[in-house]
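What follows is each chain in one-letter form.
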Amino acid sequence: MARVIFYEKPGCKGGTKQKVLLTAAGHEVVAYNLLTEPWTVEKLRSFFGDRPVIEWFNKAAPSVKSGEVNPENITAENALVMMLKNPLLIRRPLIQVGDKREVGFDVEKIDAWIGLKAADESLKQMSEHLMQQNLQGCTHGHNHDHHHGQGGCKNHGQEHQH
């Protein structure tokens, strides 16, 4: 099984589910706080590969949701500078196994890459349930507007903006 370097926003329910799925598949997950990591342009850029710039952004970031930041109109260079200043803009998670790096949690891609099938029968049902969920974004389970401050997703109950 793989040693998975996992850059996340601590407390985010989506990230927790992603780590559970990886662990259930027998992988060793080493989690880091994406918001406090000392990023460089080169290191951050290495996770995005040939994806379009719009796919580098966290669509749930407050400045993206408000329209203050429009990922469609940003160059790669400017996107990286903005993300270094405001890591909330970075799409999560950032994942590294060996020399390969990826952004986001596309279950099919990750399953093909390192495998996501449960390591033993007792974890199979839970893993299959998680793999059927959308693990790409915020997982509050509602279509509501909310803001992800430094407190993390776990505090979303107090952050609803109606």
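Residues numbered from 1 in each chain as written. Predicted model: local features only at pLDDT ≥ 70, side-chain atom pairs only at ≥ 80, totals over all residues. Heavy atoms only, no water.

## Some remarks on the overall build of the chain
Looking only at helices and strands, the chain has six helices and four strands in total. Each helix and strand of the chain, placed in order from N terminus to C terminus, yields the pattern β-α-β-α-α-α-β-β-α-α. Out of the 162 residues belonging to the chain, those deemed buried represent 44%. Across the chain, the fraction of contacts at a sequence separation of at least 24, relative to all contacts at a separation of at least 6, is 65%. Accessible surface, the chain as shown: approximately 8,800 Å² in total, 49% of it carbon and sulfur. (Helix = DSSP H or I, 4+ residues; strand = E, 2+ residues; numbered from the N terminus. Buried < 20%, exposed > 50% of the residue type's maximum accessible area, 1.4 Å probe, protein only. Contact = heavy atoms within 4.5 Å. Areas by Shrake-Rupley, 256 points an atom, 1.4 Å probe, with all protein chains shown as cover.)

## Some points on the confidence of the model for the chain
On average, residues of the chain score 85 in pLDDT, and 84% of them reach the 70 mark or higher. Note that residues 139–162 has pLDDT below 50 and, in this model, 40 contacts with residues that lie over four places away or in other chains. (pLDDT = per-residue confidence, 0-100.)

## Examining the nonpolar core
Ranked by internal contacts, the top residues of the largest apolar core, which has 24 residues, are Phe48, Phe57 and Leu94. When residues of this core are traced back to their parent elements, those giving at least two are strand S1 (3–8) and helix H4 (76–85). At three residues, the largest contribution of residues to this core is made by H4. Discounting residues that sit within four places of it in the chain, Leu94 has contacts with Ile5, Phe6, Tyr7, Leu34, Trp39, Leu44, Phe47, Phe48, Glu102 and Val103. Grouped together as the second largest cluster of nonpolar side chains are 15 residues, Val4, Leu22, Leu130 and Leu135 included. (Core = buried A, V, L, I, M, F, W, Y, C linked by side-chain atoms within 4.5 Å.)

## Things to note about the side chain of His27
Within the secondary structure, His27 is located in the loop between helix H1 (13–24) and strand S2 (28–33). Reaching out from His27, the side chain makes a polar contact with the backbone oxygen of Ile114 at a distance of 3.3 Å. Among the polar contacts made by the side chain of His27, one reaches the main-chain carbonyl oxygen of Gly115 at a distance of 2.7 Å. Aside from chain neighbours lying at most four places away, what touches His27 is Met1, Ala2, Val4, Leu22, Ile114 and Gly115. (Polar contact = N/O pair within 3.5 Å; in protein donor to acceptor, adjacent residues only side chain to side chain.)

## Details of the environment of Ala25
Position of Ala25 relative to the elements: it lies in the loop between H1 and S2. Taking the C-alpha atoms as reference, Ala25 lies 9.5 Å from Ala2; in sequence the two are 23 residues apart. Among residues more than four places away in sequence, those in contact with Ala25 are Met1, Gly115, Leu116, Lys117, Ala118 and Ala119.

## Re the sheet that holds S1
Spatially, S2-S1-S3-S4 is the arrangement adopted by the four strands of the open sheet, whose pairing is mixed. Looking at the sheet topology across the chains shown, the edges are occupied by S2 and strand S4 (100–103). Ignoring which end each strand starts from, the neighbouring axes of this sheet average 20° apart. With respect to the sheet, H1 is in contact with S1 and S2, its orientation differing from that of S1 by roughly 175°. (Pairing = 2+ DSSP bridges. Axes fitted to C-alpha atoms, helices over the stretch in contact; angles between N-to-C directions.)

## Things to note about helix H6 (residues 121–131)
Because an α-helix packs 3.6 residues into every turn, residues spaced three or four apart end up facing the same way. Turning to H6, its buried residues are Ser127, Leu130 and Met131. One side of H6 carries all its buried residues, which in axial view fall inside an arc of 90°. (Arc of directions from axis to C-beta.)

## Looking at unusual backbone geometry
Note that the residue after Arg92, namely Pro93, is joined by a cis bond; omega there is -10°. Along the chain, Pro93 falls in the loop between H4 and strand S3 (94–97).

## What to know about the pattern of salt bridges
Two side chains of opposite charge can pair, provided their charged atoms sit close to one another. Taken as a whole and assessed by the stated rule, the structure comprises six salt bridges. Its salt-bridge partner being Glu28, residue Arg3 comes within 3.7 Å of it at the nearest N-O pair. Of this pair, Arg3 sits in strand S1 while Glu28 sits in strand S2; the two residues are 25 residues apart in sequence, bridging distant segments of the chain. Under the relative-accessibility criterion, Arg3 is labelled partly exposed at 46%. Residue classification places Glu28 among the partly exposed residues on the basis of a relative accessible area of 44%. When salt bridges with common partners are traced through the structure, they connect Arg51, Glu55 and Glu102 into a single cluster. (Salt bridge = Lys/Arg side-chain N within 4 Å of Asp/Glu carboxyl O.)

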